[in-house]
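# Tertiary structure, described
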Amino acid sequence: RRPRFSWATVPVFFHSCNMSGPFSDAAIAFIAERFPLVTIEKGQGIYDATSTTTTAEERISTELARVKRANPTTTTLFYVNAVLDWPWYELHDAFEAAETLYAVDAATGVPCA
């Protein structure tokens, strides 16, 4: 479903993360009420030493679910930065295991760095 939208106000959207851990309940309530479209960045919770989740995908999904529970009309979008191979994505491990996906130098056959 598309985000709430009106030309009566300037459209604003949320694309961020809290690198130190989960957003507070107050922050989730603010985000869910204020923004019609929310994405959570790949760095969500990467410095949270107490977290039992190990992947960006899981931390992002958890925060997006909290936003959706706070306001079911808020559109949540799972954003994956696929331009760079970030090590905190679970997809990183899958990529490393699939050498056939690597770009290789046509002359040498060596994977590009």
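Scroll up to find the structure this text is about.
On a predicted model such as this, the values are computed, not experimentally measured, just so you know.

Once that is clear, we can look at the overall build of the protein chain. Assigned secondary structure in the protein chain consists of three helices and three strands. Listing the helices and strands of the protein chain from first to last along the sequence gives β-α-β-α-β-α. Against the compact-globule benchmark of 13 Å for 113 residues, the protein chain has a radius of gyration of 18 Å, which places it well outside the compact range. For the C-alpha atoms alone, the extent of the protein chain along its principal axes is close to 55 × 40 × 20 Å. Taken over 113 residues, the protein chain has a buried fraction of 30%. Long-range contacts, defined as pairs at least 24 residues apart, comprise 60% of the intrachain contacts of the protein chain with a sequence gap of at least 6. Taken as a whole, the protein chain presents about 7,600 Å² of accessible surface, with 61% of it coming from carbon and sulfur.

Ranked by size, the top nonpolar core spans 13 residues in total, and within it F14, F23, I31, V38, I40, I60 and V67 carry the most contacts. Where this core is concerned, the elements lending two or more residues are α1 (25–34), β2 (37–40) and α2 (56–70). Take this core: its biggest share by element is four residues, from α2. Beyond its immediate chain neighbours, meaning those up to four positions away, I31 contacts F14, F23, V38 and V67.

Another point: the side chain of D48. If you trace the backbone, D48 turns up in the loop between β2 and α2. Look at D48: it is buried, it has no salt bridge, and the nearest opposite charge is R59 at 7.6 Å. Of note is the side chain of D48, whose polar atom sits 2.6 Å from the side chain of T50. Setting aside anything within four residues of it in sequence, one finds D48 in contact with M19, S20, G21 and P22.

Reading the values: the criteria
Residues numbered from 1 in each chain as written. Predicted model: local features only at pLDDT ≥ 70, side-chain atom pairs only at ≥ 80, totals over all residues. Heavy atoms only, no water. Helix = DSSP H or I, 4+ residues; strand = E, 2+ residues; numbered from the N terminus. Rg over C-alpha atoms; globule rule 2.2 N^0.38 Å. Buried < 20%, exposed > 50% of the residue type's maximum accessible area, 1.4 Å probe, protein only. Contact = heavy atoms within 4.5 Å. Areas by Shrake-Rupley, 256 points an atom, 1.4 Å probe, with all protein chains shown as cover. Core = buried A, V, L, I, M, F, W, Y, C linked by side-chain atoms within 4.5 Å. Lys, Arg positive; Asp, Glu negative; His and termini not counted. Salt bridge = Lys/Arg side-chain N within 4 Å of Asp/Glu carboxyl O. Polar contact = N/O pair within 3.5 Å; in protein donor to acceptor, adjacent residues only side chain to side chain.

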